[in-house]
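Structural description and commentary
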Amino acid sequence: MRTIVANWKLYLTPRESAVVARRLMKRLPRSTRSALTVVLPSTSALAAVADVVRGTRVKLGSQNIDLATSGAATGQVSARDAKELGCAYALVGHSERRKEGETDALIKEKLGVAADEGLTPILCVGETARQRKAGAAIRTVVGQLKKTLTGWQGGKLVVAYEPVWAISKAGRGAAASPDVAFAMARVVRAALKKLLKARASRVHLLYGGSVTARTVRQYVDGTHFQGALVGFASTKADECAKMVAALL
Ligand code: PGA
C-alpha cells in the first residue's frame, strides 16, 4: 500500500478546506488498489473536514498534538479532541514546529501521547541546508531518530524524511533529487532497524519536500519510500487526486 499524506498547513480556511476535501473525494480514483490518502487540515478546519471524510476511504490527521490531552492548557491541540473528531493520524515533529522550539525530547513525549490516544504518529525528520553543507546531514537525521524513537513501545508508526531545505514556501521550492532522497532513505531504514528491530519493517517511510503530481512517482518507488508527505501541491484537489492516481 502506498500513502499520500496531504499536509494543508495554514493554506486553507475551514470553509476552503471542506470545499477542497469534497472535491478531492469526487476526483480520487475509484480503484480499490488506491493509495491510502490522509489529509491533515489546520486545527481549526479539522471538524469541517471530518464531516466530509467520515466513513470514506480518506483518513484524517492532526498537524500537531500537545502533551496535555485536557485540562489547564490554553491554546493547545489535544490528541484526545483530535481522536474524537475522527483523526487516525498525528503529525509529530514537523520542521515548522521544530522551528518554533520543539526539541527531540518533546517530540519523543508527543509520540507517546499519540500512541496512548490511539493515533498513528507520522514522525518528521530532516536536516537543514546549513547542516547538509557542513556534512552533518546523516548525523542530524540519525540523531533525531535515536532521540525520538529509543525505547519506542507504541504500535503503528510512519516516518517522513523531509529535508528542511526542500520544503516549499507556497509552492516555491526545490525538491531533493531522488538520488539524494534515496541515499537518506537507506540511512533512515538502517537506523530504524537498529532502534525497532523486527518492527522496523512495518514502518512506512515517506519523502516530503516540494513533491508534485509530476514528480511523486520518482520518489515513491516502494523500496526506498512507500509514500509522500505533500504540502502546497496537496491543497489543490485535482493535483492531490493525481498524486494518488500516480501511485496506483
Ligand atoms: P511542500 O511541504 O510539499 O509544500 O514542500 C511539505 C511539508 O512540509 O510537509
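Everything that follows concerns the structure shown earlier in this document.
Now for a quick tour of the structure. A quick note: this is a predicted structure, and the numbers were derived from the prediction, not measured.

A word on the packing of helix H7 (residues 137–149) against helix H8 (residues 178–196)
The interhelical angle for the contact between H7 and H8, taken along N-to-C directions, is 30°, at an axis separation of 10 Å. Taken together, the axes of H7 and H8 are roughly parallel relative to one another. The element H7 and its partner H8 pack so that their crossing is right-handed. On H8, the residues touching Ala137, Ile138, Val141, Val142, Leu145, Lys146 and Leu149 of H7 are Met184, Val187, Val188, Ala191, Leu192, Leu195 and Leu196. Classifying every residue of the contact of H7 with H8 by side-chain character gives 13 nonpolar, no polar and 1 charged.

Considerations on H8
Spanning 19 residues, H8 covers 26 Å between terminal C-alpha atoms, matching the ideal 27 Å at 1.5 Å per step. Residues of H8 that are buried include every one of Ala181, Phe182, Met184, Ala185, Val187, Val188, Arg189, Ala191, Leu192 and Leu196, and no others. Close packing links the buried residues of H8 with helix H6 (129–133), H7, strand E6 (158–161), strand E7 (204–208) and helix H9 (216–219).

Thoughts on the pairing of strand E8 (residues 227–230)
Residue alternation in E8 divides its side chains into two sets, Gly227 and Leu229 and Ala228 and Val230, and both sets are buried. When E7 meets E8, the two strands line up parallel, connected through 3 bridges. Residue pairing for E8: leucine 206 is matched across the bridge by glycine 227.

Quick notes on the sheet that holds E7
Within the closed barrel, the 8 strands sit side by side as E1-E2-E3-E4-E5-E6-E7-E8. Their pairing is parallel. Direction aside, neighbouring strands of the sheet carry axes that sit 25° apart on average. Here helix H5 (residues 104–116) sits on the sheet in contact with strand E4 (87–92) and strand E5 (120–125), set at roughly 160° to E5.

Brief notes about the environment of serine 210
Mapping serine 210 onto the fold places it in the loop between E7 and H9. Distance from serine 210 to alanine 237, taken between C-alpha atoms, is 16 Å for residues 27 residues apart in sequence. Other than its neighbours up to four places away in sequence, serine 210 contacts Ala166, Ile167, Ser168, Gly173, Ala174, Ala175 and Thr215. In this structure the side chain of serine 210 is engaged in a polar contact, spanning 2.7 Å, whose partner is the backbone oxygen of alanine 166.

Some details on the site of the ligand
In the vicinity of the ligand, the contacting residues are Asn7, Lys9, His94, Glu162, Ile167, Ser168, Gly209, Ser210, Leu229, Val230, Gly231 and Phe232. Backbone polar atom of glycine 231 to an oxygen atom of the ligand: 2.8 Å apart, as the coordinates give it. Separating an oxygen atom of the ligand from a backbone N or O atom of phenylalanine 232 is a distance of 2.9 Å. Against a free-state accessible area of 280 Å², the protein chains account for coverage of 99% of the ligand.

Quick notes on unusual backbone geometry
Even without a glycine there, the phi angle at lysine 9 is positive, about 45°. One can find lysine 9 in the loop between strand E1 (3–7) and helix H1 (14–27). Take lysine 9: its relative accessible area is 11%, and that puts it in the buried class.

Examining the side chain of serine 62
Counting through the fold element by element, serine 62 comes out in strand E3 (residues 59–62). The contacts of serine 62, once residues within four sequence positions are left out, are Leu40, Leu46, Val77, Ala82, Cys87, Tyr89, Ala90 and Leu91.

Criteria and thresholds
- Residues numbered from 1 in each chain as written.
- Predicted model: local features only at pLDDT ≥ 70, side-chain atom pairs only at ≥ 80, totals over all residues.
- Heavy atoms only, no water.
- Axes fitted to C-alpha atoms, helices over the stretch in contact; angles between N-to-C directions.
- Helix = DSSP H or I, 4+ residues; strand = E, 2+ residues; numbered from the N terminus.
- Parallel < 35°, antiparallel > 145°, perpendicular 65-115°, else oblique.
- Left-handed = near helix turned anticlockwise from the far one by under 90°.
- Contact = heavy atoms within 4.5 Å.
- Nonpolar A, V, L, I, M, F, W, Y, C, P; charged D, E, K, R; others polar.
- Expected span 1.5 Å × (residues − 1).
- Buried < 20%, exposed > 50% of the residue type's maximum accessible area, 1.4 Å probe, protein only.
- Pairing = 2+ DSSP bridges.
- Polar contact = N/O pair within 3.5 Å; in protein donor to acceptor, adjacent residues only side chain to side chain.
- Near = heavy atom within 4 Å.
- Areas by Shrake-Rupley, 256 points an atom, 1.4 Å probe, with all protein chains shown as cover.

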